[in-house]
Amino acid sequence: MLGIGKKSKRVTAPVSEETNSPELEVQTEVLDMEEGDSEPSTPARAPQPERPDTPSDLPAMVGAEAGAQVGSVSVGPVGPKEELAQSVSDAVAESVAHAETYTTQEDLLKLYAQQVGMPFVKLSEQEYRPDVINILSPELAREYQVFPVDLDDETGALTVALVDPLNVRTLDDLAVWLGREVRGVVANADEVQAAIEESYGTGEESVDDMLKSLTDEQTELDIKEEDFDDLTRIANEAPIVKLVNLILLQAIKERGSDLHVEPFESSLRIRYRVDGILHETVPPPPHLTNAIISRFKVMSGLNIAERRLPQDGRIKLTLHDRNVELRVSCLPTVNGESVVMRILDSQVMSLSLAQIGMLPDTLDRYGKIISRPNGIVLVTGPTGCGKTTTMYASLRHIFSPMLKMITTENPVEYQMDGVVQVNINQSVGLTFARCLRAILRQDPDIIMVGEIRDLETASMAIESSLTGHMVLSTMHTNDSSGTLTRLIDMNVEPFLIASAVVAVMAQRLIRIICLDCKEPYEPDPALIREMGFSPEEVQNITFFHGKGCSSCNYTGYRGRTGMFELLVMSEKLKELVLERAASSLIFQEARKEGMRTLREDGWEKVVQGITTIEEVLASAIH
C-alpha cells in the first residue's frame, strides 16, 4: 500500500518483454520509421473492449505556477462527470482567489486533491515497486501521463499518479485498457514525468542501448562463409533488424550526409559524416559483422551471395515529415565488404538559392544569369561541395509551368515535381551525350546535365545552348577560371566556349558556428595575416566561435553554408579564352572586373559571425 511520506531509495524496474518489446517495421528496400521515434506503437494485446478516445492535450493544472489563476477544463461532450470536473475547477479557482495560504505549488496540488477526493502523493518520497510498474506499458504511461504507484493485492486495483486530476477520462480509459479497477492520486507533473523517464526510459532507444542488450548469448551466430541461406535468415531476425534500423535512424537524426560501415580483422567500425567530418559511434560486437552487412544488402536489394564484386543499390526510408533515400555502395575488401551509404534527404532539395549561403549581390547576379533563355552555366568544385544542391536550387528559382525542364543525372539523387528526370545507365549505353541527343528532341527549355566529364558531353551541351536552350551543369575543377581552361584541355574549341558559356560559379561548403555555444573570441594573429589583413585593420571586428556543447557534439559547429565565386563572361574574358590564355590570366582579369573570390566571400561570412577564419582557410585556396 501507499507509504505517504516514507523516504526510500528508488528502484528502476526492468520492463518485461510483454509490455515493452519494440520492433521497428522493416520491409525490403522500404523502411518506415518516424524521426526521433524508435519506440513502436502499442504492442498487440488480447481482444479488449473498444478503446476510448485518447484524451486531448490539456494544460497540466497541477503544473501551474504557485498563485497563478486556475482556469476551467472541459473534455468532449459534457456529461455528469464533466460537469463535476467543471465544478471542481471552479471551486479550486475560487478558493485560490480568496485564500492567502496557497502560496506554493504543493499547496495548490493539495487543494486539488481535496476537491477531487484523491490523496496527494510526493513521488520523490515513494518506493517504486517493479511488479507494479510492469503492469502499465510505457506507451500508456507516456500517452496518459500517469505513473503506477501501488497495487491492491486483494482486489487487483491499480493506483496511478495523475498529472491532470480533472481529466475525467484518464482512469476510465486505463480501466478499459488494463481490464482492472484503476484509482488515482494527485502528484506533481514534473515528478510524474521524471518517474516515467527513470522507469520506462525516454522513449528513444539509442544504438548504444541496443548494443548493450545484444549479448553473445542472445545473438550467438555461427556462420560459414558459404552458408548464405543461414545468413539471410539471421539478417532478418529481430535483434539485427532493430539494430540496423537504429543505426540508420541515428545517422539521419544527426544530419549525417554519409554512413560508413567498415569491417576490420577484429572489429566493425561505423561512422557518420556530419558537416563534412566523420564521427565514430560505438562499434557493434565483432560477431555481428556479417549479419549487419547482410542486412544492409538485403534492404538495398543486393545479392548477399556475391562478395567478390562491387554492388550498388538504394534504400528508401519514409519518415513522418519527409522521405529519405540512401544510395548504397558495397565494396569487397580483405576483411569483408565495406558498405557506404550516401544519405539523400528530400529536405535538402527544397532549399532555395537564398538559403544556401549566397550573399545578396551574388544571388541577384546569379538569378538573372540563370533566367536567360540560352547559354551554359557551370557550377564547379570538388566532390561533396554541394554542387547538386545548388543545381536543384537553381531549377526551383526558375521553375515555371510554362517551361519544359529535363535533367539527366548519374544517378538521379532527388526527385522534383514538374521536372522530367533521366537516369544515366552506362551498362546499356545510355551516356550523358546520348541522352542529350534524345533530350533535344523532347522540346526542352531548361536542361540540367549532371556532369560534364568528356569531350562528347561537352560538345553536346554547347550545341544545346547554341540552339536556344539554357543548360546547367557541373564540373570538377578548383576554381571558376580553371574551368574555362579545363574545357580547352578537353579539346573543346575556344570559339564555342566563348559563344556558349555565360557564367562559371565555383563553390565550397564551410561549417556554421553553433548558435547554442557561440561566443566572441580573439583569433590567432597569424590566421588574420593569412587572410590578407593585419591585426590592426580588424581590431574593430568582433569574431565568434563555438566553444562546444551537446547540440553540436562539442565541435563548435552545426550545419553548413556555401562560399561562392561567380565569374561572369565579359568581352575581355572571351578574348582571353579565344587566345587560349592561362587560367591565372583569366583569374586576374576577372578580379579586375570585380569578381569576389572564394576566400573573400568566406571573409564576409566571418565578419557576419556565421563561420570562423579557420573554416575559410581550410576550404579556400585564394
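From a predicted model like this one, the values you see are computed outputs, not experimental measurements. (Residues numbered from 1 in each chain as written. Predicted model: local features only at pLDDT ≥ 70, side-chain atom pairs only at ≥ 80, totals over all residues. Heavy atoms only, no water.)

Asker: Teacher, can you tell me more about the packing of helix α16 (residues 480-489) against helix α20 (residues 583-592) here?
Answerer: Helices that pack against each other are described as a pair by the angle of their axes relative to one another and the distance between those axes. Across the interface, α16 lies against α20 with an axial gap of 8 Å and an inter-helix angle of 140°. When the axis of α16 is compared with that of α20, the two are oblique. Here α16 runs over α20; the crossing is right-handed. Between α16 and α20, the contacting residues are S481, G482, L484 and T485 on the first element and S583, I586 and F587 on the second. (Axes fitted to C-alpha atoms, helices over the stretch in contact; angles between N-to-C directions. Helix = DSSP H or I, 4+ residues; strand = E, 2+ residues; numbered from the N terminus. Parallel < 35°, antiparallel > 145°, perpendicular 65-115°, else oblique. Left-handed = near helix turned anticlockwise from the far one by under 90°. Contact = heavy atoms within 4.5 Å.)

Asker: Looking at this structure, I do not really get helix α13 (residues 387-398). What am I missing?
Answerer: Each α-helix turn comprises 3.6 residues. Residues three or four places apart therefore point the same way. Given a rise of 1.5 Å per residue, 12 residues ought to cover 16 Å, and the 17 Å separating the end C-alpha atoms of α13 matches this to within 8%. Among the 12 residues in α13, nine count as buried, and that is most of the element. For α13, the full list of buried residues reads K387, T389, T390, M391, Y392, A393, S394, L395 and I398. (Expected span 1.5 Å × (residues − 1). Buried < 20%, exposed > 50% of the residue type's maximum accessible area, 1.4 Å probe, protein only.)

Asker: What should I look at first to understand the environment of P286 in this one?
Answerer: By the secondary structure assignment, P286 is in the loop between β8 (277-280) and α10 (289-299). Separated by 19 residues in sequence, P286 and S267 have C-alpha atoms that sit 4.9 Å apart. With residues up to four places along the chain from it excluded, the contact list for P286 reads S266 and S267.

Asker: In this structure, what is going on with the sheet that holds strand β4 (residues 158-162)? I would like to understand it.
Answerer: Through backbone hydrogen bonds, the strands of a sheet pair up, either in parallel or in antiparallel fashion. Read from one edge of the open sheet, three strands run β3-β4-β5, paired in mixed fashion. Because the sheet does not close on itself, it has two edges, and the strands there are β3 (146-151) and β5 (182-186). Recorded for the sheet is a direction-independent mean angle of 35° between the axes of neighbouring strands. Bridging between β3 and β4 involves five bridges; their strand directions are antiparallel. (Pairing = 2+ DSSP bridges.)

Asker: Got a minute to help me understand the sheet that holds strand β13 (residues 405-409) in this structure?
Answerer: What the seven strands build is an open sheet, ordered β14-β13-β15-β16-β12-β17-β20; its pairing is mixed. Both edges of this open sheet fall to β14 (420-423) and β20 (557-568), since each of them pairs with a single strand only. Mean inter-strand twist for the sheet, computed between neighbouring axes without regard to direction, equals 20°. Relative to strand β17 (residues 501-513), strand β12 (residues 375-380) runs parallel, the two being bridged by five bridges. Within β17, the residue paired with T380 across the bridge is A506. Its contacts with the sheet place helix α15 (residues 455-466) against β12, β15 (446-449) and β16 (470-475), and it is angled at close to 135° to β12. Sitting on the sheet, α16 touches β12, β16, β17 and β20, and the angle it makes with β17 is about 135°.

Asker: Just to check I follow, could you spell out the nonpolar core for this structure?
Answerer: The tendency in soluble globular proteins is for nonpolar side chains to be buried side by side. One finds L484, L487, I497 and L567 to be the most contacted residues of the largest nonpolar core, which totals 37 residues. At five residues, helix α14 (residues 432-440) tops the list of elements feeding residues into this core. If sequence neighbours within four positions are ignored, L487 has contacts with L378, A458, M475, V492, I497 and V501. One finds I133, L158, A195 and Y200 within the second-largest nonpolar core, a separate group that totals 36 residues. (Core = buried A, V, L, I, M, F, W, Y, C linked by side-chain atoms within 4.5 Å.)

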